[in-house]
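Below, each chain spelled out in residue letters.
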Amino acid sequence: MSNQGSNQSQPDISGKSGEGTNWEFSVSRRFLQRSIITVLILVVIFQLVEWAFNKSKDFLFLLLLAWLIGIAITPLVERLTKFGLKRGLSTFLVLLALVAFIVGFIASFGQLLASQLASLIIQIPSLIDGFASWLNTSFNLNLSTQNIKESLNLSNPQIVSFAQNIAGGLFGVVTSVAGFIFKIFTLLLFAFYFASETPKLRRSIASWLPAKQQLVFTTVWKVATEKTGGFVISRVILAALNSIFTSVFLLIIDVPYWLPLGLFTGIISQFIPTIGSYLGGIIPAIVAVVNDPLDGLLVIVFVTIYQQIENYLFTPRVSSLTMDIHPAVAFASVIVFASFFGPVGALIGVPIAAAVIALIQTYGKRYELIPELHYLQNKEDRKSTRLNSSHT
């Protein structure tokens, strides 16, 4: 009885119906042809999109960078328009001041930066040897400099070639002066368009939406632009302050390559999330240790003290109009954009993430938590409060 019951409960997978006849499965020829054609069309479309993206990737990146510059200078442009200047003229003046600052910096420090950076790159093997030797002597280690160089894939011909490219011009990423000028002109042109034509562009897009959606779209556009623009400006200001103070300090204690190391620290600390502050200080500390172990200690102390000053003095004042970005989201945006656009893509990954988060925060809808989640949150808050009070 048990065997019969179990047999009855098991499904019939014999391919036969209840009357003992075989199941017949047939596919319409027309359906099969349409499926094959659809798949082929999708494959062709995917290949075309991939080809178009690879061909226009540099231009799309330039367009994205111009958009970030446009929304970053928008607050300054709007401030000038309050004095009676037209928006186009205000945008032109702001971009002109920006270009004048960059040209002035290159004229003042461009050659020094290029020579120091080229010399720093050439000295990378020597710096690795000196730092490994200091670690072996100070901590009784047995590090092999040859293994370190091989793991970092550092070879003398590659280093010399790269340094020569930098020494030949600060902008070694471009193939010619003409190509560089064309890219800068394109960048400034689209940045001017995004900043000066923002109201017209917003009205043009809104005209394609229903009346109810136009209000939502206008609010989302305004908040996203203000938050993202404020984020970009705050990061640039903080990076500039960090670079200036770090470069001056390295110059005072006579650390070599102080200018590229100071710029590296300022940029990395602001645009690489979570680990940027530590990574930005490690490289100058290593160079300083090789020069003089006491200088390395001074660099570490300076980076630690400056980080506290920045957190409690500079950041609250500069970043009062921006939003907070979760470190995991920011770090993921850096990795994604770096994989598409290289090192410069890593720098703009966080601003792009800021724009997306601003859109989500404005347009997204949040709901009130259930009592159970409120209880868990209050419990965690009380626990963190007790821990903080015990430490103090």
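Structural data are supplied above this passage.
Residues numbered from 1 in each chain as written. Predicted model: local features only at pLDDT ≥ 70, side-chain atom pairs only at ≥ 80, totals over all residues. Heavy atoms only, no water.

**Here's the deal with the overall build of the protein**
Counted only if it meets this: The secondary structure listing takes helices from DSSP runs of H or I that are at least 4 residues long and strands from runs of E that are at least 2 residues long, numbered from the N terminus. Note on exposure labels: buried denotes an accessible area under 20% of the residue type's maximum, exposed denotes more than 50%, and partly exposed covers the range between, all computed with a 1.4 Å probe on protein chains only. Note on definitions: a residue-residue contact is assigned when non-hydrogen atoms from the two residues lie within 4.5 Å.
Secondary structure summary: the protein contains 14 helices and 0 strands in total. In the protein, the order of α-helices and β-strands from amino to carboxyl end is α-α-α-α-α-α-α-α-α-α-α-α-α-α. Sorting the 392 residues of the protein into buried and exposed places 30% on the buried side. Counting contacts in the protein only where the partners sit at least 6 residues apart, residues at least 24 apart contribute 66% of the total.

**Details of the side chain of Asp 295**
In this structure, Asp 295 sits in helix H12 (residues 293–318). Not counting residues up to four positions away in its chain, the partners in contact with Asp 295 are Ile 253, Val 255 and Ala 288.

**As for unusual backbone geometry**
Phi at Asn 140 takes a positive value of approximately 55°, unusual for a residue other than glycine. Within the secondary structure layout, Asn 140 lies in the loop between helix H4 (124–139) and helix H5 (145–151). In this structure Asn 140 comes out as exposed when scored by relative accessible area, which is 70%.

**A look at the packing of aromatic side chains**
Basically, it comes down to this: When two rings of Phe, Tyr or Trp (its six-membered ring) have centres within 6.5 Å they constitute a pair, described as stacked for plane angles under 30 degrees, edge-to-face for angles over 60, and tilted for the intermediate range.
Enumeration according to the criterion identifies 10 aromatic pairs in this entry. Seen from their ring centres, Phe 59 and Phe 190 are 5.8 Å apart, and the 75° between their planes marks the pair as edge-to-face. Residue Phe 59 is found in helix H2 (residues 29–81), and its partner Phe 190 is found in helix H7 (residues 177–196); the two are separated by 131 residues along the sequence. Residue classification places Phe 190 among the partly exposed residues on the basis of a relative accessible area of 26%. Geometrically, the ring pair formed by Trp 134 and Phe 139 is edge-to-face, given 5.7 Å between the ring centres and 85° between the ring planes. Aromatic rings pair up to connect Phe 245, Phe 249, Phe 302, Tyr 306 and Phe 314 into one cluster.

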